[in-house]
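So you can see what is in the structure, the chains are spelled out below.
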Amino acid sequence: MVSCGLRSVQMEPVPLKSIEVELEVRDHVATVVSTLNYENKEDKPLEAVFVFPLPGDAAVCHFSAQIGQTQIVAEVKEKQKARELYDDALSSGQQVCLLAESDESPDIFSLSVGSLPPGESASIRLEYVTELAVQADDGLRFCLPAVLNPRYQPQGSAGAGFQVTSVPASLVPYSLSFSARVSSPRPISKVESNCSLDPLQYLNTDQTQATVKLAAGHKFDRDVELLIYYKDAHQPTAVVEAGQTSAEPGSLMGDPVVMVSLYPGFPQSVMSSKASCGEFVFLVDRSGSMGFRNHGFPRQTRIHGAKDTLLLLLKSLPIGCYFNIYSFGSKYEHIFPKSVEYSQKTMEEALKKIKKMKANLGGTKILKPLKYIYSQACIPNQPRQLFVFTDGQVGNTKEVIDLVKKNSDSHRCFSFGIGEGASSALINGMAKEGGGHAQFITGTDRMQPKVRQ
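Everything numeric in this text was worked out from a predicted model, so none of it was measured.

### Description of the sheet that holds strand 18 (residues 224-230)
- Strands sit in the order 11-12-18-15 across an open sheet of four strands; the sheet is antiparallel. Edge strands, defined here as strands with exactly one partner in the open sheet, are strand 11 (133-134) and strand 15 (188-193).
- Looking at chain direction, strand 15 and strand 18 are connected through five bridges and run antiparallel. Within strand 18, the residue paired with Ser193 across the bridge is Leu226.

Right, dumping it as structure tokens:
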């Protein structure tokens, strides 16, 4: 097991002193610069490993480290070649770092910091770019994960050696400095968060630029979720960015770039009158981690959030459709042997069984129930819609997403990330490859609009 945060190769923690995050949002694209400051308090040099989460669709564009008086700037290399260069540099006593994406999940990165001298500090700077997801109420969602949830790795899978555990909120000793600058051709109407914010500060009279910060005294013991709202959100806009003057003429970096923004909208709900029939299949995570509680919602566990979301969806189904409900952990179960017609009787039977569901099925083995569902013949003239509810704590993320993609011609997949720290790579990846939408449910306050969308 490798805990999130900076650890020595013997798994001893290297004290993290502080985190500084600067977020710049331009319309619906975010650039995130994170600076993490560490100190080796041991009396000998150490090699350290840092495991941390990023959005699954993020593109890392800069990485550097300041170790003592030495500045290290990363170069992109093929993974095996980079590992060989790192080992060579380490054996020769050089100060070196290696940043690598997990083979199994694109939202997990590991950073190896080699030969950190005793008493020396290390300042690690990481910059990435990501597109912000649009919510049901037209808000743009940015999430800064506080912890990296454990990823359950089924026996025999390819990534069995790469697992992580989370840091309990009560043991977070470091401070977080977080600031955001937002700019858009549209006026910024408001910025909301699950954490306390200082008042929004507008930088111009037309309110198209603004800054906001976390309130003083924030303890980084929960995900920081930011929701950004623009006026006239669905009006198309165009932005021209000048090329770099230092770039060669005719090169990609030297040419100006025109970005046309058709603000991401949503197609009509699958529950619309046009989709008055269909087969609705629900897959609910009942692994042990679904029994964890969310920060800010001490009375609600993840399984409660999943069940509440499922009940809301189930009561919205059109009469005459077909449905079934599966649940999984180390094994999987189903409420009906095969999908049944939706009626008052079958709905009431399903509701009774949903209310009895508990997070008591062990590990997170999602592949087997998915394969079983896909092996079931589709009902003629009843388009299949698959809804997945999970906290995303799986280690074989790419294998799951590939399975959804392989079966994308026979269904649409909608995914719900339940609780803080849900794997964005898994939740977004399943929805993208399955032609559906992804939503993240971290509490009860915004669940209904997300589900209705």
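### Describing the pairing of strand 10 (residues 121-131)
- Burial along strand 10 is one-sided: Ala122, Ile124, Leu126, Tyr128 and Thr130 are buried, and none of Ser121, Ser123, Arg125, Glu127, Val129 and Glu131, which face the opposite way, are.
- Alignment of strand 4 (residues 29-39) against strand 10, held across 11 bridges, turns out to be antiparallel. Bridging from a neighbouring strand, Leu36 pairs with Ile124 of strand 10.
- By the bridge criterion, eight bridges tie strand 6 (residues 59-67) to strand 10 in an arrangement that is antiparallel. Along strand 10, the bridge assignment pairs Val60 with Tyr128.

### Structural notes on the confidence of the model for the protein
- Looking at the protein as a whole, its pLDDT mean stands at 77, while 71% of the residues score no less than 70.
- For the stretch residues 148-171, pLDDT sits under 50, and the model shows 66 contacts to residues farther than four places along the chain or on other chains.
- Under a pLDDT of 50 for its full length, residues 265-275 has, in the predicted model, 21 contacts with residues more than four places off or in other chains.

### Let's talk about the packing of aromatic side chains
- In this structure the tally under the stated criterion is 10 aromatic pairs.
- Centroid distance Phe142 to Phe178: 6.2 Å. Interplanar angle 25°. Geometry classified as stacked. A residue pair is termed long-range when its members are at least 10 positions apart, and Phe142 in strand 12 (residues 140-144) and Phe178 in strand 14 (residues 175-183) qualify at 36 residues.
- Given a relative accessible area of 2%, Phe142 falls into the buried group.
- Residue classification places Phe178 among the buried residues on the basis of a relative accessible area of 3%.

### Some words on helix 6 (residues 424-433)
- Of all the 10 residues making up helix 6, seven are buried; the element is thus mostly covered by neighbouring parts of the structure.
- Burial in helix 6 covers these residues: Ser424, Ala425, Leu426, Ile427, Gly429, Met430 and Ala431.
- Against the buried residues of helix 6 lie helix 4 (367-375), strand 27 (384-390), helix 5 (397-406), strand 28 (411-418) and strand 29 (435-441).
- Just downstream of helix 6, Gly435 is the residue with a positive phi angle, here 70°.

### Things to note about the packing of helix 4 against helix 5
- Relative orientation of the contacting elements helix 4 and helix 5 amounts to 5°, with a least axis distance of 11 Å. Comparing the axis directions of helix 4 and helix 5 gives the class roughly parallel. Contacts from Leu367, Leu370, Lys371 and Tyr374 of helix 4 reach helix 5 at Glu399, Val400, Leu403 and Val404.
- Of the residues belonging to the contact of helix 4 with helix 5, the class tally is six nonpolar, no polar and two charged.

### A look at the nonpolar core
- Leu23, Val25, Phe142, Leu176, Phe178 and Ile228 are the most contacted members of the largest nonpolar core, which has 39 residues in total.
- The contacts of Phe142, once residues within four sequence positions are left out, are Leu23, Val32, Tyr128, Leu132, Phe178, Val224, Glu225 and Leu226.
- In terms of nonpolar packing, the next biggest core, distinct from the first, is built from 29 residues, Ala306, Leu311, Phe336 and Ile418 among them.

### Considering the side chain of Thr301
- Along the polypeptide, Thr301 turns up in strand 23 (residues 297-301).
- Within the local environment of Thr301, its side chain forms a polar contact with the side chain of His304, the two groups lying 3.0 Å apart.

### Examining the packing of helix 2 (residues 302-314) against helix 3 (residues 344-355)
- Relative to each other, helix 2 and helix 3 sit at 175°, their axes nearing to 11 Å. One way to sum up the angle between helix 2 and helix 3 is to call them roughly antiparallel. Between helix 2, through Lys307, Leu310, Leu311 and Leu314, and helix 3, the contact on the second element is made entirely by Met347, Ala350, Leu351, Ile354 and Lys355.
- Residue classes in the contact of helix 2 with helix 3 are distributed as seven nonpolar, no polar and two charged.

### Description of the environment of Asp137
- By the secondary structure assignment, Asp137 is in the loop between strand 11 and strand 12.
- As for Asp137 and Tyr229, which are separated by 92 residues in sequence, their C-alpha atoms are 8.9 Å apart.

### Things to note about unusual backbone geometry
- Phi angles above zero are rare outside glycine, and Asp27 is one such case at about 60°.
- Inspection of the secondary structure puts Asp27 in the loop between strand 3 (16-26) and strand 4.

### What about helix 4?
- Those residues of helix 4 lying buried are Leu367, Pro369, Leu370, Ile373 and Tyr374. Take helix 4 and look down its axis: the buried residues cluster within an arc of 165°, on one side only. Exposed positions of helix 4 whose direction lies more than 90 degrees from the buried face are Lys368 and Ser375.

### Here's the deal with the pattern of salt bridges
- The full count for this structure, using the stated rule, is nine salt bridges.
- The salt bridge involving Lys190 is made with Glu192; its shortest N-O contact spans 3.2 Å.
- On the basis of relative accessibility, which here comes to 37%, the residue Lys190 falls in the partly exposed class.
- Here Arg302 and Asp391 are joined by a salt bridge, their closest N and O atoms 3.1 Å apart. Linking Arg302 in helix 2 with Asp391 in the loop between strand 27 and helix 5, this pair joins segments that are 89 residues apart in sequence. Across the pair, exposure class does not vary: Arg302 and Asp391 are buried alike.

Reading guide: rules and limits
Residues numbered from 1 in each chain as written. Predicted model: local features only at pLDDT ≥ 70, side-chain atom pairs only at ≥ 80, totals over all residues. Heavy atoms only, no water. Pairing = 2+ DSSP bridges. Helix = DSSP H or I, 4+ residues; strand = E, 2+ residues; numbered from the N terminus. Buried < 20%, exposed > 50% of the residue type's maximum accessible area, 1.4 Å probe, protein only. pLDDT = per-residue confidence, 0-100. Contact = heavy atoms within 4.5 Å. Phe/Tyr/Trp six-rings, centres within 6.5 Å; stacked < 30°, edge-to-face > 60°. Axes fitted to C-alpha atoms, helices over the stretch in contact; angles between N-to-C directions. Parallel < 35°, antiparallel > 145°, perpendicular 65-115°, else oblique. Nonpolar A, V, L, I, M, F, W, Y, C, P; charged D, E, K, R; others polar. Core = buried A, V, L, I, M, F, W, Y, C linked by side-chain atoms within 4.5 Å. Polar contact = N/O pair within 3.5 Å; in protein donor to acceptor, adjacent residues only side chain to side chain. Arc of directions from axis to C-beta. Salt bridge = Lys/Arg side-chain N within 4 Å of Asp/Glu carboxyl O.

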